[in-house]
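Each chain is listed here by its residues.
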Protein chains: 2
Amino acid sequence: MLFDFIYYNPTKIYFGKNSLSYLKEELKKYGKKVLLAYGFSSIKKIGLYSEVIQILEDSGKEVFDFPGIMPNPTYKKMMEGAKIVKDNDIDLILAVGGGSVIDCAKAISVSAYSKDDPWNKYWIGRKEVDNKIVPVASILTLAATGSEANGGSVITNEELKKKKGRVFSPEVYPKFSILNPLYTYSLPLYQTMSGIFDIFSHFMEQYFSGEDDNVSDYLLEGAMRSLIHSTEAIMVNSEDYEARSNIMWLSTIALNTMLGVSKPQDWEVHAIGHQISAYTLCAHGMSLSSISPSYYLYTYKYGLEKFKRFAINVFNIQEEGKSSDEIAREGIETLKDYIKKYNMVSSIKELGVNEEMIPLIAKSTDKGGAYKTLTEEDIINILRDSYN
Amino acid sequence: MLFDFIYYNPTKIYFGKNSLSYLKEELKKYGKKVLLAYGFSSIKKIGLYSEVIQILEDSGKEVFDFPGIMPNPTYKKMMEGAKIVKDNDIDLILAVGGGSVIDCAKAISVSAYSKDDPWNKYWIGRKEVDNKIVPVASILTLAATGSEANGGSVITNEELKKKKGRVFSPEVYPKFSILNPLYTYSLPLYQTMSGIFDIFSHFMEQYFSGEDDNVSDYLLEGAMRSLIHSTEAIMVNSEDYEARSNIMWLSTIALNTMLGVSKPQDWEVHAIGHQISAYTLCAHGMSLSSISPSYYLYTYKYGLEKFKRFAINVFNIQEEGKSSDEIAREGIETLKDYIKKYNMVSSIKELGVNEEMIPLIAKSTDKGGAYKTLTEEDIINILRDSYN
C-alpha cells in the first residue's frame, strides 16, 4: 500500500553540454559573496575551475576559495567552512565536485549559524533546522550520490570514527544544479565504477523493502536495467556521451526522492558501508559493492518474493524448472558477477579492513534492515562473508 | 542521446488518505479571496465540497464559487472565470476536480490580466506569459491528465471547433496539489477507465519516439507495466486502495515532466484525439483509446525496433520464432485487447463521430508524428481504421 507522503523537490536542474551557460543568470539571484567549495585538483585539470572563476568574476562576485574537501568529508573540514561562512557573511555556497563536496556544502549551510554543536544537534539528534541557512548550489562532476537534488548530507566524525548521513528538508536542497556529462569523462575508472555502484545501491535500498504492489518498484526495475546497460556501454567507450548522460541523470533520479517516497526503504547496506568507510576512508561506492552480495545472500530468505522478482525483472533470470529460492539466489549471484565484471570491489579486505576492525565496524553500525533487523552478530557474519 | 534540458518542478504534492489536512496550512500563504473552481455535483456527492468550504471558512477566506467547468473546458467558460478573477482581485484559484478543472484554472490564471485576446496570444501564438498571473492550487478527484503537477492547459474553442493544449512554464504550475485516492472510488467505471487510458497514452506519447538508449524509456516501460497491473486490480475491486493509489500517483509521474525531459516525444495521438473531442465533446481518454491502435498500426514500421521493444518489455510478448514485424504487431494487438478488456472505447463511431466529420477532423488536426509526419490523408486513413 502506498504511504501517505509529501513530495516536494524545488531544485532546478540544468542538464547537458551547455548547462554551465546558465550559471551567470542564476548568480544574479544571490548576493555578492560566494564560497567556492571543491575538492582537489581535478576540477582545475579539466578547466572547469577557471571557467567558473571567470563567470563569478564577470558576475561581480567576491570569491572565497574553499578547497580540499575530501571524499569522506569530515566534521572538522565542515566546521572550517562554517567559520568562513559566518565570519564573512557568505551569500551563496557554490559546490563544484561530486557528492562529498555537495554534502559538505549543505553541512556548512546548516552549521554556520547553529548555536549548538551541529554534529550532536543535526546528525545525532536529528533536530529540525531552526537557524539561518545559506543557499547552496552545485556543479556536478561525478555521477553517484544524488546529492545534487536532495537534502542528504553524510559527514564523517574522525575523532569518533563515525560516518553518519542526515536528510535535510527542501530548504537545504541545492537551489540549482548544473549537470554536464562531459565533466565525468576524465574520471579514473575506479571512481566512475564506485559512483555507478552507489547509484545501483540507491535503487536497491529503495527496492528491497515491502511486499506490496508499488509503482515505485516497477520504475526502480526500469532504472536498474538502464544502469546495467549504460555500465556496459562506458566499459566499451568511456567517452560514450549517451551512456555518461544516462548515468548522470540516473544518479539524480535515484535520490531526488520521487522513486522512494511512496514505499518503505532499507538503507542497511549504507549503514554498514558508512562504518567501513569510517575505519578505512575507502570510496563510498566500493564499500557498498563489497558487502551488498553478502548482505543480500544473508537476508534474502526473509524477502524471497522480492528477490525472485529482482532476478527475473532486472537480470532476466529464466524461471523454468527452478525454485523461488534458486531464482532469487541466481539474481544475487548475477549481481556479484556484475560487480566483478566492472572492476568494482568485492572484498572488504581489499578496502583496507583487517580482522581486528570487523567487530568494531559491526559494533558501531546503526542496526536496521528491511526484511530482517540485523544484530551485531549478523553484521559480523556479513562482514566475514565479504572478507575474502 | 539525452537532450540538453532544464528540469524544474516546484509543485508540492500532498498524497494519501490524510492529504486534505494540509490545506489549512497552505492557505495561510495566500490572500483572502479564493476562486473555488469545480465541475458539477460529484464533489458535493462525496462530501468534499462541504469539507473544503469548511476549511476555507475556518481560514477566514472569502469564497467566490465558480462551478460548471465541463469535461472539455471551453474558451467561453474560461473567460467567465477570468472576468471574476480580475473584477474581484482574486488571490488564489483553488481547482477541485479532474484535469479539466485544473486546466481551466491555469487558463484563467494566465488570461485574467492579459491585455490581448488570450486564445490568440497563448494557445495559438504560443507567447510567453508577460502579464500578472494568479496562483493556482488543486485538489484532485480523478487520476488522468497529470495537470496537478505541470503547466499543461487544454482549452476548447467551441466557435472555431478547435481543442488546443498549451504547456506553461513552472510559474503557472499548481503551487500545491492534494491527491487522495479515496476521492476516486465513486467515479463511474467509464470515467475511471477513460482516465487510465489517458495516463497510458501519456506514457506512449513519450515512449514511441527516438531510437537512442534513453533512461526514460526504461522508466516508461516500468510505469506502463505498473499501470496494466493496477488496471486489472481495480476491475476486480474498484475500491482497491493500493491500485487506486498507484494509478493516481502514475497520473502525476506521467506528466510531471521528469520522464520526458531528456528525449523526443510524439503527441500526435493527442492531436487527433483533441479534434475528435472538439467535434463530439467525448471523454478525452476515450478519444485516445479509440485511435491509438490504428495510429500505431499505421506508423509502427517507421519505428519498428521501438514497437518490438514495447511488445517484449511491456506486454511480455514471446520473441521465439517470430519476425520483428510480427512481434511489434502482436504488441499493438495486445494493446487493442487491453482497451477492449477494460471497457475503453475502441471505435470513433461509438464516440459520436460520423462519416461527414472524418475529413473535418483530419483537416483541423495539427499535423505531426514522431516516426512519420502525418498528412491529412494519413489521418483520414487512421480515422477510417478506427471507425468500426
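Residues numbered from 1 in each chain as written. Chains lettered and ligands numbered in written order. Predicted model: local features only at pLDDT ≥ 70, side-chain atom pairs only at ≥ 80, totals over all residues.

Asks: What am I meant to see in the interface of chain A and chain B here?
Replies: It is common to give the size of an interface as the accessible area that goes away when the parts come together. Opposite the 37 residues of chain A that make contact, chain B presents 37 residues. Of all the elements in the fold, those that place two or more residues in the side of chain A that touches chain B are β1 (5-15), α8 (215-236) and α9 (241-255) of chain A. Here the side of chain A that touches chain B gets 10 residues from one element, more than from any other, and that element is β1 of chain A. In the side of chain A that touches chain B, the residues fall into 19 nonpolar, 10 polar and 8 charged. (Contact = placed C-beta atoms within 7 Å. Helix = DSSP H or I, 4+ residues; strand = E, 2+ residues; numbered from the N terminus. Nonpolar A, V, L, I, M, F, W, Y, C, P; charged D, E, K, R; others polar.)

Asks: How should the packing of helix α7 (residues 189-207) of chain B against helix α11 (residues 284-299) of chain B be read in this particular structure?
Replies: Packed helix pairs are characterised by how far apart their axes lie and by the angle those axes make with each other. All names here are of chain B. Put simply, α7 and α11 touch, their axes get as near as 7 Å, and they point 60° apart. Taken together, the axes of α7 and α11 lie oblique to each other. By crossing handedness, the relation of α7 to α11 is classed as left-handed. In this structure, α7 uses Ser 194, Gly 195, Phe 197, Asp 198 and Ser 201 to contact α11, whose residues at the interface are His 284, Gly 285, Met 286, Leu 288, Ser 289 and Ser 292. Looking at side-chain class alone, the contact of α7 with α11 contains 3 nonpolar, 7 polar and 1 charged residues. (Axes fitted to C-alpha atoms, helices over the stretch in contact; angles between N-to-C directions. Parallel < 35°, antiparallel > 145°, perpendicular 65-115°, else oblique. Left-handed = near helix turned anticlockwise from the far one by under 90°.)

Asks: Explain the relation of the copies chain A and chain B to me, please; I cannot follow it from the model alone.
Replies: Relating one copy of the chain to the other requires a rotation about an axis plus a shift along that axis. If you rotate chain A by 180° and push it 0.0 Å along the axis, it lands on chain B with an RMSD of 0.0 Å. What we have between these two chains is a two-fold relation. Take the interface residues of chain A: 100% of them recur as interface residues in chain B, which is what a same-surface contact looks like. (Least-squares fit on C-alpha atoms with pLDDT ≥ 70 in both.)

Asks: Please explain the pairing of strand β2 (residues 33-38) of chain A as it appears in this structure.
Replies: It is a general feature of regular strands that their side chains alternate between the two faces of the sheet. Residues and elements named next belong to chain A. For β2, the tally of buried residues reaches 5 of 6 residues, placing the bulk of the element in the interior. The pairing of β2 with strand β3 (residues 62-66) spans 5 bridges and is parallel. Bridge pairing in β3 links Lys 33 to Glu 62. Pairing analysis gives 5 bridges linking β2 to strand β4 (residues 92-97), with the strands arranged parallel. By the bridge assignment, Tyr 38 is partnered in β4 with Val 96. (Buried ≥ 20, exposed ≤ 12 C-beta atoms within 10 Å, placed from the backbone. Pairing = 2+ DSSP bridges.)

Asks: So what exactly am I meant to see when it comes to the confidence of the model for chain A here?
Replies: In regions of low pLDDT, the predicted coordinates are not meant to be interpreted in detail. Per-residue confidence for chain A gives a mean pLDDT of 97, with 100% of residues at or over 70. The complex model carries a pTM of 0.97, and its ipTM stands at 0.97. (pLDDT = per-residue confidence, 0-100.)

Asks: In this structure, what is going on with the sheet that holds strand β2 (residues 33-38) of chain B? I would like to understand it.
Replies: Backbone-to-backbone hydrogen bonds join strands into a sheet, with any given pair of strands oriented parallel or antiparallel. Sheet architecture is open: 12 strands sit in the order β3(A)-β2(A)-β4(A)-β5(A)-β8(A)-β1(A)-β1(B)-β8(B)-β5(B)-β4(B)-β2(B)-β3(B), paired in mixed fashion. Edge positions in the open sheet fall to β3 of chain A together with β3 (62-66) of chain B, since each of these has one partner strand only. Mean inter-strand twist for the sheet, computed between neighbouring axes without regard to direction, equals 25°. The strands that helix α5 (residues 99-111) of chain A touches are β2, β4 and β5 (136-140) of chain A; relative to β4 of chain A, the one it contacts most, it runs at about 165°. Strands in contact with helix α4 (residues 75-88) of chain B are β2, β3 and β4 (92-97) of chain B; relative to β2 of chain B, the strand with the most contacts, it is inclined by about 170°.

Asks: What exactly am I supposed to notice about the pairing of strand β6 (residues 152-157) of chain A here?
Replies: Residue and element names in this part refer to chain A. Of all 6 residues in β6, 5 are buried, a share of seventy percent or more. Bridge count between β6 and strand β7 (residues 162-167): 6 bridges; the pairing is antiparallel. In the strand pairing of β7, Ser 153 is matched with Arg 166. The loop that links β6 with its antiparallel partner β7 comprises 4 residues; one of these, Lys 161, has a positive phi angle of about 50°.

Asks: How do you make sense of unusual backbone geometry when you look at a structure like this?
Replies: Of all residues except glycine, most have a negative phi; of all peptide bonds, most are trans. All names here are of chain A. In the Ramachandran plot, Thr 257 falls in the positive-phi region, its phi being about 80° despite a non-glycine side chain. For Thr 257, a count of 21 C-beta atoms within 10 Å corresponds to the buried category. Positive phi, normally seen in glycine, also occurs at Asn 316, with a value near 55°. Structurally, Asn 316 is set in the loop between α12 (304-315) and α13 (324-341).

Asks: Whenever I open this one, the environment of Asn 316 of chain A confuses me. Can you help?
Replies: For Asn 316 of chain A, a count of 11 C-beta atoms within 10 Å puts it in the exposed group. The sequence separation of Asn 316 of chain A and Gly 331 of chain A amounts to 15 residues, and the corresponding C-alpha distance is 8.6 Å.

Asks: So what exactly am I meant to see when it comes to the domain arrangement of chain A here?
Replies: All names here are of chain A. Assigned domains of chain A: these are domain 1 (12-183) and domain 2 (188-385). Relative placement of domain 1 and domain 2: their C-alpha centres are 27 Å apart. If you look at the interface, domain 1 gives 21 residues, while domain 2 gives 26 residues. At the level of secondary structure, the elements contributing two or more residues to the side of domain 1 that touches domain 2 comprise β1, β6 and β7. Take the side of domain 1 that touches domain 2: its biggest share by element is 4 residues, from β7. Looking at the side of domain 1 that touches domain 2 residue by residue, the class counts come to 9 nonpolar, 7 polar and 5 charged. (Domains from an automatic or database assignment.)

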